[in-house]
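Take a look at the letters that make up each chain.
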Amino acid sequence: QVQLVESRGGLVQTGGSLRLSCVVSGSTFSLSDLAWYRQAAGKQRELVASITSGGTATYAGSVKGRFTISRDSSKNTLWLQMNTLKPEDTAVYYCYQMAWDLGRRFWGQGTQITVSS
């Protein structure tokens, strides 16, 4: 059974930092493309950052230069380092996995990040 377990989010002030983690189990981590999405209240879910199985990262324009996505296959863990947070970063953040060995996509449960102004 595939599981994506995200770390708890929280409340942070504008300009602050936070790191999210997502532990993946039940599939071959090294064969997976991974990503972080977010969904703000009343808005559609959007891609924040992605990282391929080979380690190539891409970012949404709104977070480029502030967020860093990384992965560690020895720990089956995906991270999202978020710096210089802004109120518009407030959203529920979701871990996403494209498990190529299983041919399926999986989502984490979501974690709330609130940035106060």
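Let me sum up the structure you'll find in this document.

**Overview of the state of the cysteines**
Thinking step 1. Tallying each qualifying case throughout the model produces 1 disulfide.
Thinking step 2. One disulfide bridge connects Cys22 with Cys95, the sulfur atoms lying 2.1 Å from each other. Between Cys22 and Cys95, the disulfide has an S-S torsion of -80 degrees and is therefore left-handed. You can see Cys22 sitting in strand E3 (residues 18-25) and its partner Cys95 sitting in strand E9 (residues 91-99), a full 73 residues away along the chain.
Thinking step 3. For Cys22, a relative accessible area of 0% puts it in the buried group.

**Here we look at the sheet that holds E3**
Thinking step 1. One open sheet accounts for 4 strands, arranged E1-E3-E8-E7; its pairing is antiparallel. Two strands in the sheet have a free side with no partner beyond their single neighbour: strand E1 (3-6) and strand E7 (67-72). The mean inter-strand angle of the sheet, taken between neighbouring strand axes irrespective of direction, is 15 degrees.

**Brief notes about the pattern of salt bridges**
Thinking step 1. Inspection of every chain in the model, using the stated rule, returns 3 salt bridges.
Thinking step 2. In this structure, Arg38 engages Glu46 in a salt bridge whose closest nitrogen and oxygen atoms are separated by 2.7 Å.
Thinking step 3. When the shortest N-O distance is used, the salt bridge between Arg66 and Asp89 registers 2.7 Å. Taken as a pair, Arg66 in the loop between strand E6 (57-59) and E7 and Asp89 in the loop between strand E8 (77-82) and E9 lie far apart in primary sequence, 23 residues in all. Across the pair, exposure class does not vary: Arg66 and Asp89 are buried alike.
Thinking step 4. Taken together, the salt bridges that share partners define one network made up of Arg38, Glu46, Arg66 and Asp89.

**Structural notes on the nonpolar core**
Across soluble globular proteins, nonpolar side chains show a tendency to be buried alongside one another.
Thinking step 1. Ranked by size, the top nonpolar core spans 27 residues in total, and within it Trp36, Val48, Phe67, Leu78, Leu80, Met82 and Tyr93 carry the most contacts.
Thinking step 2. For this core, the secondary structure elements donating two or more residues are E3, strand E4 (32-39), strand E5 (46-51), E7, E8, E9 and strand E11 (111-116).
Thinking step 3. Of the residues forming this core, the biggest block, 4 residues, is contributed by E9.
Thinking step 4. Once residues within four sequence positions are removed from consideration, Leu80 is found in contact with Leu18, Arg19, Leu20, Trp36, Val48, Ala49, Phe67, Thr68, Ile69 and Tyr93.
Thinking step 5. One finds Ala35, Tyr37, Tyr96 and Met98 within the second-largest nonpolar core, a separate group that totals 5 residues.

Cut-off values and rules
- Residues numbered from 1 in each chain as written.
- Predicted model: local features only at pLDDT ≥ 70, side-chain atom pairs only at ≥ 80, totals over all residues.
- Heavy atoms only, no water.
- Disulfide = S-S within 2.5 Å.
- Helix = DSSP H or I, 4+ residues; strand = E, 2+ residues; numbered from the N terminus.
- Buried < 20%, exposed > 50% of the residue type's maximum accessible area, 1.4 Å probe, protein only.
- Pairing = 2+ DSSP bridges.
- Axes fitted to C-alpha atoms, helices over the stretch in contact; angles between N-to-C directions.
- Salt bridge = Lys/Arg side-chain N within 4 Å of Asp/Glu carboxyl O.
- Core = buried A, V, L, I, M, F, W, Y, C linked by side-chain atoms within 4.5 Å.
- Contact = heavy atoms within 4.5 Å.

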